[in-house]
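# Working through the structure, step by step
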Amino acid sequence: MKTDEQIFLQYTVLAQQLDERSRRVWAASEAMTLGYGGIAAVARATGIAPSTIGIGIRELKSGVQPSVEADGSLRVRAAGAGRKSKSENDAGLLPALDRLVEPVTRGDPESPLRWTCKSVRNLAETLTASGHPVAFRSVSTLLKLQGYSLQGNRKTLEGKQHPDRDAQFHHIAAAVAEQQAAGNPAISVDTKKKELVGNYKTPGKEWHPKGEPTKVDSHDFMGELGRASPYGVYDIGDNAGWVSVGISADTGEFAVETVRRWWNAMGIERYQAATQLLITADCGGSNGNRLRLWKFELHKLATELQIPIKVCHLPPGTSKWNKIEHRMFSHISLNWRGKPLIDYRTIVELIGATTTSKGLTIRCELDPSQYLRKRVVTAKQLRSVRIARDEFHGEWNYTILPD
């Protein structure tokens, strides 16, 4: 006769391969083989209830074959067997759960969970308190069966848009195509998110030996090194970029200086016969369409280069569609994920090392110059700027002419 240990070892080997019915039938066959006391021995060795083994013995002796489910699998239990679900025992449970979770209840001041995190535990507690006792695991199961899932916020609503939003995008696209057809440069410019310089946490993860994460400061208080202001220029036709890492204020003067540095280091070599420079930019920040300093400094640059500089601004509220955002800045953020930006050299090296499978290359330099905040450009100075405004939204589309 087998010992309890032998039965246990045999059961351990088979347990992972058996479903509820086959486990019951196997235990029954072992008990029948052992004879008198077999049920007790198998139950003692495996932990299977004697009553379950008895059911298996009756199934074997009756010779009744299990019925087949709609998907072709064998029915594990007899029809109607097993404990009824919570929703079957409590007809009001699902409606009560729907009332708590449905988005329309967000505006209902009487909703008990309006100001509370809708975790399954909070939902279970609220349902139980309202006369529908249920465990949080059952709430999770019911939510999935009802078609709910965990979802975060999605940035899709852009607020009130200008009626000529799409028309301006078409205008920019046509201007870029015309510029490129003439062999002239078309660039996209913007300031990347300012970054704290020091041993601070950066979003993202990077491979390290297990249990050895990079240690950073516990608080993100600005230190002695301050913030870095990366301003970028992206050459739309060349899939190449330039980034100046500023150490002071992000001003219109800094923005134009970055364009100047790009031209002297990269643009002039590629566009030696250029007759015009086209800049696409959003409507805010250091390159905003209402910023006098931006236009004043562009006039200086146009005079230096002796070519007109045409500017097309994206409509208000659409800066995320600026090409530099998703063609260059996003890849920079991916390249330094999980890496503390401990000093300016680290920032410059990480930006300069950013590449993509489609051939993006970036040159990066530190701009140590100090740019004054709130530098005033008077109305008289602005009148000296030669501006030719387009017929279509001249406040967004204009050309700065050289002296």
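Residues numbered from 1 in each chain as written. Predicted model: local features only at pLDDT ≥ 70, side-chain atom pairs only at ≥ 80, totals over all residues. Heavy atoms only, no water.

So, about the overall build of the protein chain. The helix and strand tally for the protein chain stands at 14 helices and nine strands. Once local pairs closer than 6 in sequence are excluded, the contacts in the protein chain between residues at least 24 apart make up 70%. Roughly 24000 Å² of accessible area belongs to the protein chain as shown, and the carbon and sulfur atoms make up 54% of that amount. (Helix = DSSP H or I, 4+ residues; strand = E, 2+ residues; numbered from the N terminus. Contact = heavy atoms within 4.5 Å. Areas by Shrake-Rupley, 256 points an atom, 1.4 Å probe, with all protein chains shown as cover.)

Along the polypeptide, W262 turns up in helix α10 (residues 252-270). Judged by relative accessible area, W262 falls into the buried class, the value being 1%. Setting aside its immediate chain neighbours within four residues, W262 contacts P185, I187, V233, D235, W242, G267, Y271 and L277. (Buried < 20%, exposed > 50% of the residue type's maximum accessible area, 1.4 Å probe, protein only.)

Attention now moves to the layout of surface pockets. A volume near 340 Å³ is recorded for the second largest pocket. Lining the second largest pocket are 19 residues, with K193, E195, T202, P203 and W336 positioned closest to its centre. Broken down by secondary-structure element, the contributors of at least two residues to the lining of the second largest pocket are β2 (195-196) and α12 (323-335). A per-element tally of the lining of the second largest pocket places α12 first, with four residues. Per-class residue counts for the lining of the second largest pocket are seven nonpolar, three polar and nine charged. (1 Å grid on protein atoms, 1.4 Å probe; cavity = no way out; pocket = protein on both sides within 12 Å on 5 of 7 lines; lining within 4 Å. Points joined across faces, edges and corners; volume = space filled by probe spheres on them. Nonpolar A, V, L, I, M, F, W, Y, C, P; charged D, E, K, R; others polar.)

Ranked by size, the top nonpolar core spans 32 residues in total, and within it V189, W262, I279, W294 and I309 carry the most contacts. Secondary-structure elements contributing two or more residues to this core are β1 (186-191), β3 (227-235), β4 (240-246), α10, β5 (277-281), α11 (292-305), β6 (309-313) and β9 (397-400). Of all hydrophobic cores here, the second largest spans 27 residues; its members include M328, I332, W336 and I347. (Core = buried A, V, L, I, M, F, W, Y, C linked by side-chain atoms within 4.5 Å.)

So, about the side chain of E30. On the secondary structure map, E30 appears in helix α2 (residues 20-34). By relative accessible area, E30 is classed as buried at 10%. When sequence neighbours within four positions are dropped, the list of residues in contact with E30 reads K2, Q10 and V42.

This brings us to the pattern of salt bridges. Within this structure, the stated rule accounts for 17 salt bridges. By sharing partners, the salt bridges in this structure join E257, R260, R261, E304, E365 and D367 into a single network. (Salt bridge = Lys/Arg side-chain N within 4 Å of Asp/Glu carboxyl O.)

This paragraph deals with the packing of helix α6 (residues 93-101) against helix α7 (residues 120-129). In contact at an axis separation of 11 Å, α6 and α7 are set at 125 degrees when each is read in the N-to-C sense. One way to sum up the angle between α6 and α7 is to call them oblique. At the point where α6 passes α7, the crossing takes the right-handed sense. Here L93, A96, L97, L100 and V101 of α6 come into contact with α7, specifically with L123, T126 and L127. (Axes fitted to C-alpha atoms, helices over the stretch in contact; angles between N-to-C directions. Parallel < 35°, antiparallel > 145°, perpendicular 65-115°, else oblique. Left-handed = near helix turned anticlockwise from the far one by under 90°.)

Turning our attention to α2. In this model α2 runs 22 Å from its N-terminal to its C-terminal C-alpha over 15 residues, within 8% of the 21 Å that 1.5 Å per residue would give. Among all positions of α2, only R24, V25, W26, A27, A28, E30, A31 and L34 are buried. N-capping of α2 is provided by D19, with a side-chain oxygen placed 3.2 Å from the backbone N of R21. In the stretch just after α2, G35 is the one whose phi turns positive, near 80 degrees. (Expected span 1.5 Å × (residues − 1). Polar contact = N/O pair within 3.5 Å; in protein donor to acceptor, adjacent residues only side chain to side chain.)

This part is about the environment of L350. Residue position: L350 is located in helix α13 (residues 344-352). Using a relative accessible area of 13% as the deciding quantity, one classes L350 as buried. Sequence spacing of L350 and C364 is 14 residues, and the spatial spacing of their C-alpha atoms is 9.1 Å. Contact partners of L350, with chain neighbours within four places excluded, come to N335, W336, K339 and L341.

So, about the packing of aromatic side chains. Under the definition given, this model contains four aromatic pairs. Three or more aromatic residues link up through ring pairs in this structure, and these residues are Y231, F254 and Y371. The ring of F136 carries R121 above its face, with NZ or CZ at 4.0 Å from the centroid. Sitting above the plane of the Y398 ring, K295 keeps its charged end 4.9 Å from the centroid. (Phe/Tyr/Trp six-rings, centres within 6.5 Å; stacked < 30°, edge-to-face > 60°. Lys NZ or Arg CZ within 6 Å of the ring centre and 35° of its normal.)

Our focus in this paragraph is the pairing of β4. Within β4, seven of the seven residues are buried, which leaves it mostly tucked inside the rest of the structure. Taking every second residue as pointing to the same face, both faces of β4 are buried, with A240, W242, S244 and G246 on one and G241, V243 and V245 on the other. The sheet contact formed by β4 and strand β7 (residues 361-367) spans seven bridges and is parallel. When the bridges of β7 are listed, W242 appears paired with R363. (Pairing = 2+ DSSP bridges.)

Moving on, we come to the pairing of β5. A large share of β5 lies buried, amounting to five of its five residues. Of the two faces of β5, the one holding L277, I279 and A281 and the one holding L278 and T280 are both buried throughout. With three bridges joining them, β1 and β5 adopt parallel strand pairing. For A186, the partnering residue across the bridge sits in β5 and is L278. Here five bridges tie β5 to β6, and the two strands are oriented parallel to one another. When the sheet's bridge partners are listed, A281 is paired in β6 with H313. Assessed by its sense of winding, the connection that carries the chain from β5 through α11 to β6 is right-handed. (Right-handed = clockwise from strand over helix to strand, strands pointing away.)

So, on to the packing of α6 against helix α8 (residues 136-145). Between α6 and α8, the least distance of the axes is 11 Å, while the angle of their chain directions is 80 degrees. In terms of axis orientation, α6 runs roughly perpendicular to α8. Across the interface between the two elements, L93, L94, L97 and V101 from α6 touch V139, L142 and L143 from α8.

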